[in-house]
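Okay, here's what each chain looks like letter by letter:
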Amino acid sequence: MSSSGGVARRGRPGPWPPAPPPQPQAQPLSWAKRTGFQSRVSGESVAIASASNSGQVSLPRPAEAPSSDLESGPQARPNSALPPPPAAATVGNAEQKPQPPPPPARTRRRDSDGGRPNGQPAPAPLPQLLEEEDDAPERPAHVKYELRDSPGVFPIAVYGFQHYISMLGSIILIPLVMVPAMGGSPDDMAAVVSTVLLVSGMTTLLHTFCGTRLPLVQGPSFVYLAPALAIINSPEFFGLNNNNFKHIMKHLQGAIIIGGAFQVLLGYTGLMSLFLRLINPVVVSPTVAAVGLSFFSYGFSKVGSCIEMGILQLLMVVLFALYLRKIKLFGYRVFLIYAVPLALGITWAVAFVLTATGVYSYKGCDANIPHSNNVSAYCRKHVLRMRSCRVDTSHALRSSPWLRFPYPLQWGTPIFSWKMGLVMCFVSIIASVDSVGSYHASSLFVATRPPTAGVVSRGIGVEGVSTILAGVWGTGVGSATITENVHTIAVTKMGSRRAVGFGAIVLILLSFVGKVGAFIASIPDVLVAALLCFMWAMLCALGLSNLRYSAKGSSRNSIVPYIVASHGPIHTGSSGVNYILNTLLSLNMVIAFLVALVLDNTVPGGRQERGLYVWSDAEAARRESAVMKDYELPFKIGQAFKWVKCIGL
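Here is what the cut-offs are and how they apply
Residues numbered from 1 in each chain as written. Predicted model: local features only at pLDDT ≥ 70, side-chain atom pairs only at ≥ 80, totals over all residues. Heavy atoms only, no water. Axes fitted to C-alpha atoms, helices over the stretch in contact; angles between N-to-C directions. Helix = DSSP H or I, 4+ residues; strand = E, 2+ residues; numbered from the N terminus. Parallel < 35°, antiparallel > 145°, perpendicular 65-115°, else oblique. Left-handed = near helix turned anticlockwise from the far one by under 90°. Nonpolar A, V, L, I, M, F, W, Y, C, P; charged D, E, K, R; others polar. Buried < 20%, exposed > 50% of the residue type's maximum accessible area, 1.4 Å probe, protein only. Contact = heavy atoms within 4.5 Å. Core = buried A, V, L, I, M, F, W, Y, C linked by side-chain atoms within 4.5 Å. Disulfide = S-S within 2.5 Å. Phe/Tyr/Trp six-rings, centres within 6.5 Å; stacked < 30°, edge-to-face > 60°. Lys NZ or Arg CZ within 6 Å of the ring centre and 35° of its normal.

Caption draft 1: Spatial organisation of the packing of helix H5 (residues 244-268) against helix H15 (residues 453-473). For the pair H5 and H15, interaxial distance at closest approach is 7 Å and the crossing angle is 165 degrees. As summarised for this structure, H5 and H15 are arranged roughly antiparallel, according to the angle between their axes. H5 and H15 meet at a crossing whose hand is left-handed. Classifying every residue of the contact of H5 with H15 by side-chain character gives twelve nonpolar, nine polar and two charged.

Caption draft 2: Seen up close, unusual backbone geometry. Phi at Arg-213 is positive, roughly 70 degrees, even though this residue is not glycine. In this structure, Arg-213 sits in the loop between helix H3 (186-210) and strand S1 (218-220). Although it is not a glycine, Leu-409 adopts a positive phi angle of roughly 55 degrees. Topologically, Leu-409 is positioned in the loop between helix H13 (396-399) and helix H14 (418-446). The partly exposed category is assigned to Leu-409, whose relative accessible area is 40%.

Caption draft 3: A look at the environment of Leu-276. Along the chain, Leu-276 falls in the loop between helix H6 (271-275) and helix H7 (281-293). Classification of Leu-276 as buried rests on a relative accessible area of 6%. Leu-276 sits 157 residues away from Val-433 along the chain, and the two C-alpha atoms are 8.8 Å apart. When residues no more than four places from it in sequence are discounted, the contact partners of Leu-276 are Val-436, Ala-453, Val-456 and Trp-615.

Caption draft 4: Structural detail: the nonpolar core. If you look at the biggest cluster of nonpolar residues, it comprises 121 residues, and the most contacted ones within it are Ile-171, Met-178, Ile-523 and Met-589. Apart from residues no more than four positions distant in its own chain, Ile-171 is found in contact with Tyr-164, Val-196, Leu-197, Val-217, Pro-220, Ile-482 and Leu-507. Counting six residues, the second-largest nonpolar core is a separate cluster that includes Leu-336, Ile-337, Tyr-338 and Val-491.

Caption draft 5: Representation of the state of the cysteines in the model. A complete count under the given rule lists one disulfide for this structure. A disulfide bridge connects Cys-306 with Cys-389, and the sulfur atoms are separated by 1.9 Å. One quick way to see it: the torsion about the S-S bond of Cys-306 and Cys-389 is about 125 degrees, and its sign makes the bridge right-handed. You can see Cys-306 sitting in the loop between helix H8 (296-303) and helix H9 (307-323) and its partner Cys-389 sitting in helix H12 (residues 377-389), a full 83 residues away along the chain. For the pair formed by Cys-306 and Cys-389, the shared burial category is buried.

Caption draft 6: Structural view of the packing of aromatic side chains. Considering all chains together, one arrives at five aromatic pairs under this definition. Ring geometry for Phe-320 versus Phe-335: centroids 5.4 Å apart, planes at 20 degrees, classification stacked. A residue pair is termed long-range when its members are at least 10 positions apart, and Phe-320 in helix H9 and Phe-335 in helix H10 (residues 334-337) qualify at 15 residues. Each member of the pair, Phe-320 as well as Phe-335, carries the same accessibility label: buried. Over the ring of Tyr-579 we find Lys-419; its NZ or CZ atom is 4.8 Å from the centre of that ring. Residue placement shows Lys-515 over the ring face of Trp-402; its charged tip is 5.6 Å from the ring centre.

This is the structure in structure tokens:
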């Protein structure tokens, strides 16, 4: 309205409540929530607490004071704190338009709910577990103990023991395959098993303290088994008469040390951080699956040498792992957690009874006499069955000492061959790809966020150091993160690194007891083969499970897992080049890795379709105390290496 007598015009009051001051631009979302799309990208998917899920499930939390959040930006002031409107604002109400509704209050996104940008509707409530986690609302629904939890001395001992027992097959079976192929005796096998226990314990502690710090057991990897067997069957080893085992082992040691040194450079120079841009679930999945699929011809042919024991072993594992998996004893799913050791123990006991009752005894035949030295055609027919089915063919338990100390270079000075070393260098890349998938999947179970690219590089560097230690001590294969870690964490619900560290100490102590390695070395061959068939099937399934992160219905991804290895001699002017190319191209996992890597990074596809791994941003992670506590090096070691991006966060 107009005013008279020179009275100044009063400004029209604005809408009430007044709009809040403009907020600073939020930090880039490290959890890949840049759109409102409910995607299937790994690290974003919401899960329902099963072993195959990758996202973290948010549970209702009690009311708490607002705290700074890494991804949602500064906190908004609640509207209830606004002062009442001044009296002058009521002048001219007749001409004032209706007040607009107050703007919605900015809500704080919880750490584990995979939040959305402001202004977008929240997702539907997530299903919850009604088990042990009800009394701990701030804990993810699919683990009982998280990464930094300390459940107490007795629970740590129990859970640490069961964690390693559930992974027994992955730790001990590789030496039982390699040593006979190298011409080793039962005593040699017992010594290698003790060495594997020692190195596995040492490298697990090393990774827990200086690697990614995730609760991941390190040990002999099936990724290294195929190239090791290819080296064992090299033409230069044909015709050896004496000390076959030690001579071949020294060549393997040299190749493993070279491969480990290359992996150290890959991790600690930061190259792995760059390589992560090319590694996605569609690459990891066929690579890991090819590792498992490549050994079935070996396993099932061995099972056929004593078909009744092999089939019984497989049926027992399937019965415990699938049909009895939900049965609890003393509050634990005993049959699911201990499926492998229970099946092995029962089948071994049955074989012992049949051996003692003379079922596998054939008149005038001795299982310890080689097949070629048997004069009787009757004995030549049954000696293989006797050797596979009987439990008394190994004398390692009787001849092994009670105390044994595996020491470095126990087989002699390593022999370095450039062609074998280059083969192991390439295989170490594949082992790193396998470990990357385990890092990401396990972090979503037990940690606040996935690790940063620098933490992943640090873990790969430590795995390179572990492989060098495996070569120096002489385990026959390199060391890497055992793929079954993710399955074990999902089953046991144990994510505490203290429990894993306790189990590693127990492994080191057991390695000094010679009878332990000899007892493991005396497992009948057919039982080992049957367990390997199960382990390789699980390895293949774990590899293919990575495809859950990508759009499985996409025709872009359907061709990648079905890779056939290329076989055929390559002839060039160099015998070393011929050896490297023929060896690498005869490995299924190498062909699967190369084809998947090229196709995934050249065929057009969106982020959701490819299922890209999502890693935490280093700068954002430093501002979140929970992530720092999960991944920072102990005793403030990381502060001295802040200038090295691949050491700290």
